[in-house]
Amino acid sequence: MKRSILSVATTLLFLLTATIAWGQRLSAIDQLKADPRKAYGTDYPYQVVDYKMTAAPKGYKPFYISHYGRHGSRYYWNATLYREVDSLLSFAHKRHQLTPAGEAFYEKFKACSQELATGVSELSDVGWQQHQNIARKMYNSFPEIFEKGGNVLAISSLQGRCVISMAGFCQELVQCNPKLEIREQSSRFTLDGVVPTDGQNPIKHNYPRNIKPRYEKNKDKLKIDEVLRDKIIQRLFTSTDSLPGRLHHISSNMINLYTSLPSIGHEGMMEGIITDEEIAAEWERDNLGSYSWVFGPQYQTIPILQDIIKKAEGKINGSNDRIADLRFGHDTMLGPLTVLMGINGADIDPEDPFEVKNCYQNWETCKASNLQLIFYRSNKQGDDILVKCLLNGEESTLPVPTNNFPYYKWSDFREFYTKRCANVPEK
């Protein structure tokens, strides 16, 4: 009976702490008002923000970082988008079916069409700079970890944009402190720690995929008028007669192109066609789709979480001497990992579609999005190791009981997530 009462009390304490912490954050809608580009979701280009940090408990200092980062901003991932837009605009231009705004767009697009076709899926200069900025921010935020130098291991997926993101990040750390010894590795041997689902991973897993979030049973409750697609067609064309492709597909292509342009330094190309505020007005529906996309494969990221736990435990027990473990992968892994870990309530799985935006916002899986776990040690022998979670540089909640947010006992963290990894529902 005492154990039951204690368990209830602990749970209530966690919920209270998490609620207070969450209450200090702006709501999703208020964040959109402050920065409508966040409605780009996974296309949003990462912004380094100086969030206020909570001081560590007295006597505690950081000594180790475990990190997972998505590659930085890139050209659109699929060449089909650029080809279809090029073909459509050229067709409409020859037939004099473009509005003045459409003609201006056509001229700007044609001027850089060769660049776009060549750059498909490649990391852009914007993406390189993002990772350099994140690395310098990490170094300056936790100088106690890096100032004496030390060993760092960085691993990447096999994709070039991830490898170059890793190179930019690590190069900046060494610029901050040449005494750092960083080993960079993009290898099938380390895929389990970055992209366990890669077909070249020699370790095969059979975790459930495509788990359905509960809101999908009620998704019809959320009705959003797709007025933007009609406006795009009207702003582009004087007539839609004989245009190649369905109008809905054409407008979807235009939205996808528009939200990708800031990642490659071409914002302004579609002036007069779409606005950030219009994208933001339809964000909630798009966010629901994103939640399904990251919720479904959450268990497939278990090997990444196990890699985090294993390497951190090695640092703590002295079996490795690294001061940081860095991982560079994809949104297809980082997004589901935030759900598996329940960061900021991403694992809540609400039935009401209107509540999804309160537990997950798709811009948290933006270009160069990153998870950092910061480990702290006390100068008093026998004190607990503490860990703090930063999602995109901001202190974030975990579903682990604590009375000292944003700090969690490592022993509680390890036990909680070890059990979560073990308790996987059957396929």
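Residues numbered from 1 in each chain as written. Predicted model: local features only at pLDDT ≥ 70, side-chain atom pairs only at ≥ 80, totals over all residues. Heavy atoms only, no water.

Glancing now at the overall build of the protein. Broken down by element type, the protein carries 15 helices and eight strands. Taken against the 2.2 N^0.38 rule, which gives 22 Å for 427 residues, the C-alpha radius of gyration of the protein at 23 Å falls within 12% of a compact globule. C-alpha atoms of the protein, sized along the principal axes, occupy 80 × 55 × 40 Å. In the protein, the proportion of contacts linking residues at least 24 apart, taken out of those at least 6 apart, comes to 80%. Total accessible area computed for the protein in this model is approximately 20,000 Å², and 50% of it derives from carbon and sulfur atoms. (Helix = DSSP H or I, 4+ residues; strand = E, 2+ residues; numbered from the N terminus. Rg over C-alpha atoms; globule rule 2.2 N^0.38 Å. Contact = heavy atoms within 4.5 Å. Areas by Shrake-Rupley, 256 points an atom, 1.4 Å probe, with all protein chains shown as cover.)

The next point concerns the nonpolar core. Counting residues in each nonpolar core, the largest one holds 71 residues, and the members touching the most others are Phe105, Phe146, Met254, Met270, Ile274 and Leu326. Non-local contacts of Phe105, meaning those with residues more than four positions away in its chain, are made with Val85, Leu89, Leu236, Met254, Leu257, Met269 and Met270. Tyr68, Leu373, Phe375 and Leu391 belong to the second largest nonpolar core, which has 36 residues in total. (Core = buried A, V, L, I, M, F, W, Y, C linked by side-chain atoms within 4.5 Å. Buried < 20%, exposed > 50% of the residue type's maximum accessible area, 1.4 Å probe, protein only.)

In terms of burial, strand 1 (residues 60-70) is a largely internal element, ten of the eleven residues being buried. Judged from the nine bridges that link them, strand 1 and strand 5 (residues 370-378) form a sheet pairing that is antiparallel. Directly across from Tyr64, in strand 5, lies its bridge partner Phe375. (Pairing = 2+ DSSP bridges.)

Next up on the list: the side chain of Asp325. Summarising the element assignment, Asp325 is placed in strand 4 (residues 322-329). Take Asp325: its relative accessible area is 1%, and that puts it in the buried class. In terms of polar contacts, Asp325 uses its side chain to reach the side chain of Arg322, at 2.8 Å. In this view, Asp325 contacts Tyr64, Ile65, Ser66, His67, Leu153 and Lys311; residues no more than four positions away in its chain are not counted. (Polar contact = N/O pair within 3.5 Å; in protein donor to acceptor, adjacent residues only side chain to side chain.)

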